[in-house]
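Observations on the three-dimensional arrangement
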Amino acid sequence: MEVVTISLKYSDALEEVMKIVWPKPMKLFTAGPVACFPEVLEAMKTQMFSHRSKEYRELHKDTVMRLAEFLEVKKGTVLLFPSSGTGIMEASIRNCVTPGGKVLVTIIGAFGKRYRDVVEWNGRKPIVLEKPLGEPVFPEELDEALKKNPDVEAVTITYNETSTGVLNPLKELAKVAKEHDKLVFVDAVSAMGAADIKFDEWGLDIVFGSSQKAFGLPPGLAMGAFSEQVFEIAKKIPNRGWYFDLLLYKKYQEKEWSTPSTPPIPQIIGLNVILRIIERMGGKYEWLKMYQERAEMVRKGVMEIGLELLARPGYYSPTITVIKCPPGIKSVEVYEAMRERGYEIAKGYGPIKESTFRIGHMGYIPKEYIRELLDTLREVINELKKKKGLA
C-alpha cells in the first residue's frame, strides 16, 4: 500500500485544540470513554470513504460476522448503530413492546433506572424490581416478580452496573425469564467485550453495547444482537420511529451491508481491528482473561490499602471497581488528588456520588499503569487522612 505523507498546513489549529483536550498527560481509569488501544488510534487515522461503497460493505460485513462470533450469535442478527448504547435501549422498547404494555425492569443502580425511564417515556409501563446498591438480582427474586406480574412482555437486565460495580448473573436470570416466556433485553454497555455473552445459548433477545467501553474505542458506535423473535414482534408494533427502526436496519444490512443513515466509519474500522487483535491473542476467552486479571489486580490492591468495595463478593464487575470512601473523605477529594498526579479515575455516581469513587479498568491499560495507580492511591488516601486528622 502506498503511504502518502501530508504536511499539516494548519498545525497550529491542531495544537490549540490539543491544549484544550490534553493540557497534560493523563492515564485513564475512567468509567468511559476509556483510553483507546494504540492500534485503534492508528487505524482511525484512515481517510474516509463512502458508506455506500464496496469497501464499506466489505468492512461492515466482516465486522458484523466477527462480532457475531464473539457474542456467539448464529440464530440472531448483529446490527451496528450510529449512536450510544442508550439508542438501542430505546429501540428495544419502541420496537418490541406494545404501546401501554408492561415491562419488568430490574434495577441494581443508576443505569437500571435509566431503562425504567426509557420504558416510561416511550409510553409503556415499568414494573420495577429494585435491589439495594451493591447487590445483584438473584434468580429466585426474578422468578417471584414474574409470578406476581405474568402480564409483562419483557424483562430488562443491566448485565454490569457501572454505578455500583456489580455484575448480574445474566445466564441464570435469562433462564428464569425464558421459563416465563418473556423477552430478555440486556444492557451490556459496560459488559460487552469484558464479560462473557452467549447470545443463542442463554436465550437472549436483545443485548447491546457501546464502543467506548471494554472494546477500547472512541464513543459513537452502538452494537446489538437481536433474536428472530424480535423482528417478528416489531412487524406488529406501530410507531417504531425511523432512526431506530430495527426492521429498517435489518433491511439495509441484508440488502447492502450498510445502515439507513451514515455510520461512524472510523469506529467501525477500530472495532474490526480490535476483533482481529482478539483473534491473534488466542480468541475470546484469552481476551476475557485479560480483563479478569486486571479486575482482580485492582480489587486486591484497593483492599490492601484498607479500602472497602461496594459490590457483594462473587458479583464483582470485570470492568469497573466501586470503592467506598473512608469516613470523613469525599469522592471529589480523592478524584481531584488523583487527577493532580496524572490519573483520571471516576467520581461516584447517583445516590452514592459523594461516598464512593470508581476505578475503571477498560481499554488500553498496561499492568504497570495499574501498579502505579495503586501506589498513588495509597499515597493520596494517607495524605487526605493526615490532612483531616483521620490517620
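Remember, predicted model here, so these are calculated numbers, not experimental data.

**Some remarks on the overall build of the protein chain**
Scanning the protein chain for helices and strands turns up 14 helices and 15 strands. The C-alpha atoms of the protein chain give 22 Å as radius of gyration, which agrees with the globular expectation for 391 residues (21 Å, within 12%). The principal-axis extent of the C-alpha atoms belonging to the protein chain is close to 65 × 65 × 40 Å. In the protein chain, which comprises 391 residues, the proportion classed as buried is 57%. The contacts of the protein chain with a sequence gap of at least 6 include a subset with a gap of at least 24, amounting to 72%. Surface exposure of the protein chain reaches about 18000 Å², of which carbon and sulfur atoms provide 53%. Each charge sign in the protein chain was given a centre, from 56 positive and 52 negative side chains, and these centres are 2 Å apart.

**Some thoughts on the sheet that holds strand β5 (residues 154-158)**
What the 7 strands build is an open sheet, ordered β2-β10-β9-β8-β5-β3-β4; its pairing is mixed. The sheet is open, and its two borders are formed by β2 (77-81) and β4 (125-130), each paired with just one other strand. Taken pair by pair, the neighbouring strands of this sheet meet at an average axis angle of 20 degrees, ignoring direction. Both strand β3 (residues 102-107) and β5 contribute to a ladder of 3 bridges, which runs parallel. Bridging across to β5, Leu104 finds its partner in Val155. This element, helix α10 (residues 246-256), spans β2 and β10 (222-226) of the sheet and lies at about 100 degrees to β2.

**Focus: the pairing of strand β8 (residues 183-187)**
A large share of β8 lies buried, amounting to 5 of its 5 residues. Of the two faces of β8, the one holding Leu183, Phe185 and Asp187 and the one holding Val184 and Val186 are both buried throughout. In the sheet, β5 pairs with β8 via 5 bridges, with the strands oriented parallel. The residue bridging Ile157 from the neighbouring strand is Val186, located in β8. Two strands pair when backbone bridges link them, and β8 and strand β9 (residues 206-210) are joined in this way by 3 bridges, in the parallel orientation. Following the sheet pairing, Phe185 is matched in β9 by Ile206.

**Examining the side chain of Ser190**
Along the chain, Ser190 turns up in the loop between β8 and α8 (199-202). Take Ser190: its relative accessible area is 2%, and that puts it in the buried class.

**Quick word on unusual backbone geometry**
The step from Gly32 to Pro33 runs through a cis peptide bond, and the omega angle for that step is 0 degrees. Residues other than glycine seldom take positive phi values, yet Asn239 does so here, at roughly 55 degrees. On the secondary structure map, Asn239 appears in the loop between α9 (228-234) and α10. Positive phi is not limited to glycine here, since Trp257 has a value of about 50 degrees. Look at Trp257 and you get partly exposed, because its relative accessible area is 27%.

**A short note on helix α11 (residues 265-281)**
With 17 residues, α11 ought to run about 24 Å at 1.5 Å a step, and its terminal C-alpha atoms sit 24 Å apart, in line with that. Taken residue by residue, α11 has Ile265, Gln267, Ile268, Ile269, Gly270, Leu271, Asn272, Ile274, Leu275, Ile277 and Ile278 as its buried positions. Considering only its buried residues, α11 is in contact with α2 (38-43), α3 (54-71), β2, β10 and α12 (284-304). Count one or two residues on from α11 and you reach Gly282, which has phi positive near 120 degrees.

**A look at the sheet that holds strand β11 (residues 308-309)**
Taken in spatial order, the 4 strands make up an open sheet running β11-β12-β15-β14, and their pairing is antiparallel. Edge strands, defined here as strands with exactly one partner in the open sheet, are β11 and β14 (346-347). Inspection of the sheet shows strand β12 (residues 320-324) paired to strand β15 (residues 356-360) by 5 bridges, in the antiparallel sense. Considered in β15, the bridge of Ile323 is made with Phe357.

**As for the nonpolar core**
By size, the foremost hydrophobic cluster in this structure holds 67 residues, and its most contacted members are Tyr159, Leu204, Phe215 and Trp287. A total of 8 residues in this core trace back to one element, the largest contributor, which is α11. Excluding its chain neighbours within four sequence positions, the residues that come into contact with Tyr159 are Val166, Leu167, Asn168, Leu170, Val186, Asp187, Ala188, Ala191, Ala195, Asp196, Ile197 and Trp202. By size, the runner-up hydrophobic cluster in this structure holds 27 residues, among which are Ile93, Val118, Phe185 and Leu246.

**Looking at the pattern of salt bridges**
Across all of its chains, the model carries 29 salt bridges by this definition. Between Asp62 and Arg276 there is a salt bridge, with the nearest N and O atoms lying 3.0 Å from each other. Placement of Asp62 in helix α3 and of Arg276 in helix α11 is noted, with a sequence separation of 214 residues between them. A salt bridge links Glu254 to Lys250; its shortest N-O distance comes to 2.6 Å. With Glu254 and Lys250 both in helix α10, this residue pair falls 4 residues apart, about one helical turn. Taking relative accessible area as the criterion, Glu254 reaches 57% and is therefore assigned exposed. Lys250 sits in the buried class, given a relative accessible area of 14%.

What counts and what doesn't
Residues numbered from 1 in each chain as written. Predicted model: local features only at pLDDT ≥ 70, side-chain atom pairs only at ≥ 80, totals over all residues. Heavy atoms only, no water. Helix = DSSP H or I, 4+ residues; strand = E, 2+ residues; numbered from the N terminus. Rg over C-alpha atoms; globule rule 2.2 N^0.38 Å. Buried < 20%, exposed > 50% of the residue type's maximum accessible area, 1.4 Å probe, protein only. Contact = heavy atoms within 4.5 Å. Areas by Shrake-Rupley, 256 points an atom, 1.4 Å probe, with all protein chains shown as cover. Lys, Arg positive; Asp, Glu negative; His and termini not counted. Charge placed at Lys NZ, Arg CZ, Asp CG, Glu CD. Pairing = 2+ DSSP bridges. Axes fitted to C-alpha atoms, helices over the stretch in contact; angles between N-to-C directions. Expected span 1.5 Å × (residues − 1). Core = buried A, V, L, I, M, F, W, Y, C linked by side-chain atoms within 4.5 Å. Salt bridge = Lys/Arg side-chain N within 4 Å of Asp/Glu carboxyl O.

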